[in-house]
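Listed below, chain by chain, are the residues.
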Amino acid sequence: MKSKTLELLEAMDGRILLNDNQKRYVWNLQCGYRGECEFVQLMESLRSPHILLRDLYFEPKFSGQIQIDFLLLVGNTVIIYEVKNYSGMWQHSEEMYRQSGMERANPLIQLARTKNNFKALLRELGYPQANVDAVVFHVGSTFTLLGAPENRNVILPTQIQDHLTKLNHYQYAVSDTLMDLASLLEGAALPAPPFLKMIPKYQFESMKKGLRCCKCRCFVVRSSQRLYKCQACGHKGYSGDAVRTALTDYRLLFPERLISGAILAEWCGGLLSASQCRRILQRS
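All of the points below concern the structure found in this document. (Residues numbered from 1 in each chain as written. Predicted model: local features only at pLDDT ≥ 70, side-chain atom pairs only at ≥ 80, totals over all residues. Heavy atoms only, no water.)

### Description of the pattern of salt bridges
And then number 1: Tallying each qualifying case throughout the model produces nine salt bridges.
And then number 2: Between glutamate 82 and lysine 84 there is a salt bridge, with its nearest N and O atoms 3.2 Å apart. Neither glutamate 82 nor lysine 84 differs from the other in exposure class; each is buried.
And then number 3: Salt-bridge contacts for glutamate 205 lead to arginine 257; the nearest nitrogen and oxygen are separated by 3.8 Å. Residue glutamate 205 is located in the loop between α5 (176-188) and β10 (227-229), and its partner arginine 257 is located in the loop between α6 (239-253) and α7 (261-267); the two are separated by 52 residues in the primary sequence.
And then number 4: A residue is classified by how much of its surface remains accessible, and glutamate 205, at 57% relative accessible area, is exposed.
And then number 5: When its relative accessible area of 33% is taken as the criterion, arginine 257 is described as partly exposed.
And then number 6: By sharing partners, the salt bridges in this structure join Glu36, Arg54 and Asp55 into a single network. (Salt bridge = Lys/Arg side-chain N within 4 Å of Asp/Glu carboxyl O. Buried < 20%, exposed > 50% of the residue type's maximum accessible area, 1.4 Å probe, protein only. Helix = DSSP H or I, 4+ residues; strand = E, 2+ residues; numbered from the N terminus.)

Pasting the structure below:
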């Protein structure tokens, strides 16, 4: 599931001009999302009984905000996963990962904070004795971390299969206590707010209007009532699908603004008529 921040930025990308920092931020979010999808595929191969929760956000009363990529409940253990999808060669230090002029905070620092806050949340929920572990999980196949110390809380790409093998040693069912905890956590989780600092201001009137390809998100030059062909990637698709995608973007960007067939037709750059858009709107 994409973050609200990524959904907003992708919806406006191309319709307004993003600066270099914003484009880089979008790319990083997309890279992170692809990494999370890869992690889900890896977890689907687990043979041991388990529960996998994802995209959890909490605002506990007695600790800081908590945002967790994935939470694996297996056996009698709760494992917090911070998933990273880096590529290339990086140099490790206690505080930073460094790569040719780029720096990223060592994810173990944030992970330790998340683990402490999560344990405080468990005490708040009445589960102070839960066994909690936390892992930074690197999925990028080309990622190399030079000088990395041996640390069981960091899984590098070459260690993934060994880690999965260890998880498969849990051949007994998830404990009843942790099953109850999983239900409680799902109920306590809140929608994560978008990171507004990186979202530029925008208005309907000044945004580029047009119909976008469902495959590559480039703007379509021509469309018939039924079909379109993208000149950028060559994809042939149904115009109705592209209009529904445009409608999703519109509702995401302007949740309080009214929508009609005429407004939707304008949003799609006039490639379909207001009556055609009205019929699609009525079926959506």
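On we go from here.
### Observations concerning the packing of aromatic side chains
By convention here, two paired aromatic rings are described through the distance between centres and the angle between planes.
And then number 1: Counting across every chain of the model gives 17 aromatic pairs.
And then number 2: A ring pair is formed by tyrosine 25 and phenylalanine 195, whose centres lie 6.2 Å apart and whose planes are at 50 degrees; its orientation type is tilted. Note that tyrosine 25 is positioned in helix α2 (residues 20-43) and phenylalanine 195 in the loop between α5 and β10, a separation of 170 residues in sequence.
And then number 3: By way of ring pairs, the aromatic residues Tyr202, Phe204, Tyr250, Phe254 and Trp267 are connected into one cluster.
And then number 4: One Lys or Arg, lysine 209, reaches over the ring of phenylalanine 204 and ends 4.6 Å from the middle of that ring.
And then number 5: The ring of phenylalanine 204 carries the charged tip of arginine 257 above its face, separated from the ring centre by 4.2 Å. (Phe/Tyr/Trp six-rings, centres within 6.5 Å; stacked < 30°, edge-to-face > 60°. Lys NZ or Arg CZ within 6 Å of the ring centre and 35° of its normal.)

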